[in-house]
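Residue-level structural notes
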Amino acid sequence: MLAHHDAIACVRLVPIFQQLNHDTISAVAELVQERHVKKGEFVFMAGDHADSLIIMAHGQVKVIQSSASGREQMIRLLQTGDFDGESVLFEDAERQTSAEALTDTQICLITRQDFQKLLTQSPAVAINMLNALGKRVSQLEAQAAATLTTSVGERLANYLVETSSELETDDFDLPLQKKDLALYLGTSPETISRKLKQFSTDGLISQHGRNHIKLTDVDGLMMVEN
């Protein structure tokens, strides 16, 4: 069970909760359950009953979808502060995707049953949630526009810095295969390889083998623009 201040920190990671006042956030935090998932384990599987909002307290998780032929495709990457399943709080459904932990991961869960019970007990929470959801739509539109204005090099550099922070080391194997990383960053595996070579030439990183990276100039990576 999470300490209350840790549960509040988890709740504050979710944009639809960030606009709520402290008392309301504290009430939501009372609903939080904690779960640890080891690298390679699944957070959830396609076909599972979707009844909980999942908040990433620490770690990396890839969300994947399988075709009829069994081929997997990464849909998105969840990192610290990300979440999956806002709609689960309001509707009954099955998971259409699976989620695999790329690193040892800590997640916070809020079940639909607990959350809806809170809404019926507190009209103020319901009103605050409606306002927060409206702001969330606006934020998503702004994020989509921002993605179009950043370069592949900048997105890759940010990913390397964020992954280093997640793993708490500057010397690591890339959790994602290059094809998945390319999909996540909206580019091609060839471009990923070319940019990593460029970073190495510029003294920002060193590479060992195909997937091992050591960050040698974090400040320089954070200033990459192209």
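Residues numbered from 1 in each chain as written. Predicted model: local features only at pLDDT ≥ 70, side-chain atom pairs only at ≥ 80, totals over all residues. Heavy atoms only, no water.

Per an unreviewed UniProt entry, the protein is named Crp/Fnr family transcriptional regulator, and its organism is Secundilactobacillus angelensis.

Some words on the domain arrangement of the protein
Formally: Domain start and stop positions are those given by an automatic or database domain assignment. Contacts between residues were defined by any pair of non-hydrogen atoms, one from each residue, lying within 4.5 Å. Once two parts are brought into contact, the accessible area they lose, counted with a 1.4 Å probe and summed over both, makes up the buried area. Each reported salt bridge corresponds to a side-chain nitrogen of Lys or Arg within 4 Å of a carboxyl oxygen of Asp or Glu. We call two N or O atoms a polar contact when they sit within 3.5 Å, provided that within protein one can donate a hydrogen and the other can accept it, with sequence-adjacent residues counted only if both atoms are side-chain atoms.
Here the protein is described as being made up of domain 1 (4–122) and domain 2 (150–222). Each partner contributes to the interface: domain 1 provides 11 residues, whereas domain 2 provides 11 residues. In total, domain 1 and domain 2 occlude about 1,000 Å² of area from one another, counting both sides; carbon and sulfur atoms represent 55% of this. For the pair domain 1 and domain 2, the number of links is one salt bridge. The salt bridge involving Asp180 is made with Lys62; its shortest N-O contact spans 3.6 Å. The interface formed by domain 1 and domain 2 contains six residue pairs in polar contact (both at pLDDT 80 or more).

Looking at the state of the cysteines
Using the following cut-off: Two cysteine sulfur atoms make up a disulfide if the distance between them is within 2.5 Å. In this text, helices come from DSSP runs of H or I with a minimum length of four residues, and strands from runs of E with a minimum of two, each type numbered from the N-terminal end. In this scheme, a residue with accessible area under 20% of its type's maximum is buried, one over 50% is exposed, and one in between is partly exposed, where area comes from a 1.4 Å probe on protein chains only.
Taken as a whole and assessed by the stated rule, the structure comprises one disulfide. A sulfur-sulfur separation of 1.9 Å characterises the disulfide bridge that pairs Cys10 with Cys108. Since a negative S-S torsion denotes a left-handed disulfide, the Cys10-Cys108 link at about 65° is right-handed. Of this pair, Cys10 sits in helix α1 (residues 4–12) while Cys108 sits in strand β10 (residues 105–111), and the two are 98 residues apart along the sequence. Overall, Cys10 belongs to the buried group, its relative accessible area being 4%. Judged by relative accessible area, which is 0%, Cys108 ranks as buried.

Regarding the environment of Ala46
For Ala46, the position within the fold is in the loop between β2 (42–44) and β3 (49–50). In the structure, Ala46 is positioned 51 residues away from Thr97 in sequence and 4.6 Å away in space, judged by C-alpha atoms. Apart from residues no more than four positions distant in its own chain, Ala46 is found in contact with Arg95, Gln96, Thr97 and Ser98.

Here we look at the packing of α1 against helix α3 (residues 22–29)
Definition in use: Only the stretch in contact is used when a helix axis is fitted, and all axes are lines through C-alpha atoms; the angle between N-to-C directions ranges over 0 to 180 degrees. Between 65 and 115 degrees an angle is taken as roughly perpendicular, under 35 as roughly parallel, over 145 as roughly antiparallel, and anywhere else as oblique. Each residue is assigned to one of three groups, with Ala, Val, Leu, Ile, Met, Phe, Trp, Tyr, Cys and Pro labelled nonpolar, Asp, Glu, Lys and Arg labelled charged, and all others, Gly among them, labelled polar.
The contact between α1 and α3 brings their axes to 9 Å, and the two run at 105°. What the angle tells us is that α1 and α3 run roughly perpendicular. Where α1 abuts α3, its residues His4, Ala7, Ile8, Val11 and Arg12 lie against His22, Ile25, Ser26, Val28 and Ala29. The residue makeup of the contact of α1 with α3, split by class, is six nonpolar, three polar and one charged.

Here we look at the sheet that holds strand β12 (residues 205–208)
Test applied: A pair of strands is treated as paired once DSSP finds two or more bridges between them.
With antiparallel pairing, the three strands of this open sheet are ordered in space as β11-β13-β12. One side of each edge strand has no neighbouring strand; the edge strands of this open sheet are β11 (171–173) and β12. In this sheet, adjacent strand axes meet at a mean angle of 25° when their direction is disregarded. Pairing analysis gives three bridges linking β11 to strand β13 (residues 212–215), with the strands arranged antiparallel. The residue of β13 that forms the bridge with Asp173 is His212. Its contacts with the sheet put helix α6 (residues 152–167) on β11, β12 and β13, and the angle it makes with β11 is roughly 100°. Across the sheet, helix α8 (residues 189–201) lies against β12 and β13, angled at about 120° from β12, the strand it touches most.

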